[in-house]
Amino acid sequence: MKQNEFIRVADKCTSALFSHAMRFTKDEDDAKDLVQDTLVKGIRFCEKFDNGTNVKGWLYVIMRNTFINNYYKEQKKQKLISTEDDLSSQNLLKSSSTNSAGLKFMMEDIQKAMNSLPDHYRIPFQRYFEGYKYDEIAKELGIPLGTVKTHIHQARIMLKKYLQQYRDLLAE
């Protein structure tokens, strides 16, 4: 269908589209925006519309999909941007006191955890943490590559167990 013809036919559907949009949004301004987005997409893709089929039904499908996509985008945005969390002075005060007091203890515990590892786990893990690649560590220590990977993996497991309290604390 040509764009001019499609616009003429779609124009007759706007009041029905608006009523349908109100069921989705429950807000007049949002419904108007949804109708506008639907019509813009309909006009943009009108060449894909099959002549002889129901224009209103096709536009309803576009509207539903647009509403669903916008809903999911909004949900993602809400998860990423929290306007209430972390911005209140009470949360900032708690955070600052926890950071200054707890950081020293946390660093000491991390060092204790590292020192508790057997040397054959600790040394490869430290090298890996410093940015060395597995093959470089294997060459430096004169051990097989698979052994380096195993020792680093075992060190991680041991450190996770030792530092479990901090993972639980950060999860709160």
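Remember, predicted model here, so these are calculated numbers, not experimental data. Along each chain, numbering runs from 1 in the same order as the chain's sequence is written. Local features in this predicted model are restricted to residues whose pLDDT is 70 or higher, and side-chain atom pairs enter the listing and the counts only when it is 80 or higher, whereas totals over whole chains, interfaces and linings include all residues. Side-chain descriptors were evaluated using all non-hydrogen atoms of the structure, hydrogens and water having been removed beforehand.

A. Expanded view of the side chain of R122. Helical segments are the DSSP runs of H or I of at least four residues, strand segments are the runs of E of at least two, and each set is numbered from the N terminus. As for its position among the elements, R122 is in helix α6 (residues 119–129). Exposure remark for R122: the relative accessible area of 18% places this residue in the buried category. Note on definitions: a residue-residue contact is assigned when non-hydrogen atoms from the two residues lie within 4.5 Å. Discounting chain neighbours no more than four positions away, the residues touching R122 are M114, N115 and L117. Accessibility here uses a 1.4 Å probe with only protein chains present; expressed as a share of the type maximum, an area under 20% marks a residue as buried, one over 50% as exposed, and anything in between as partly exposed.

B. Region of interest: helix α3 (residues 28–44). The span you would expect from a helix comes to 1.5 Å times its residue count less one. Taking 1.5 Å as the rise per residue, α3 with 17 residues should run 24 Å; its terminal C-alpha atoms sit 24 Å apart, in good agreement. Whenever two N or O atoms come within 3.5 Å, that pair is a polar contact, provided that in protein one can donate a hydrogen and the other can accept it, and provided that, for residues adjacent in sequence, both atoms are side-chain atoms. For α3, the N-terminal capping position is held by D27, with its side-chain oxygen 3.3 Å away from the main-chain nitrogen of D29.

C. Expanded view of the nonpolar core. In terms of nonpolar packing, the biggest core is built from 16 residues, with F6, L17, A21, V35, L39, L59 and M63 touching the most fellow members. Of all the elements in the fold, those that place two or more residues in this core are α1 (3–11), α2 (14–25), α3 and α4 (55–80). Excluding its chain neighbours within four sequence positions, the residues that come into contact with V35 are L17, F18, A21 and M63. Throughout this description, the term nonpolar core refers to a set of buried Ala, Val, Leu, Ile, Met, Phe, Trp, Tyr and Cys residues connected via side-chain atoms within 4.5 Å. Listed in part, the twelve residues of the second largest apolar core include L117, I137, I152 and L159.

D. Expanded view of the pattern of salt bridges. Take a side-chain nitrogen of Lys or Arg and a carboxyl oxygen of Asp or Glu: if they are within 4 Å of each other, that pair is a salt bridge. According to the stated counting rule, one finds three salt bridges in the structure shown. Among the ionic pairs, D119 bridges to R122, the shortest N-O distance being 2.4 Å. Here D119 pairs with R122, and both are found in helix α6, just three residues apart, close to one helical turn. A salt bridge links R127 to E140; the nearest nitrogen and oxygen atoms lie 2.9 Å apart. Placement of the pair is R127 in helix α6 and E140 in helix α7 (residues 134–141), with a sequence separation of 13 residues. You can call E140 partly exposed: its relative accessible area is 42%.

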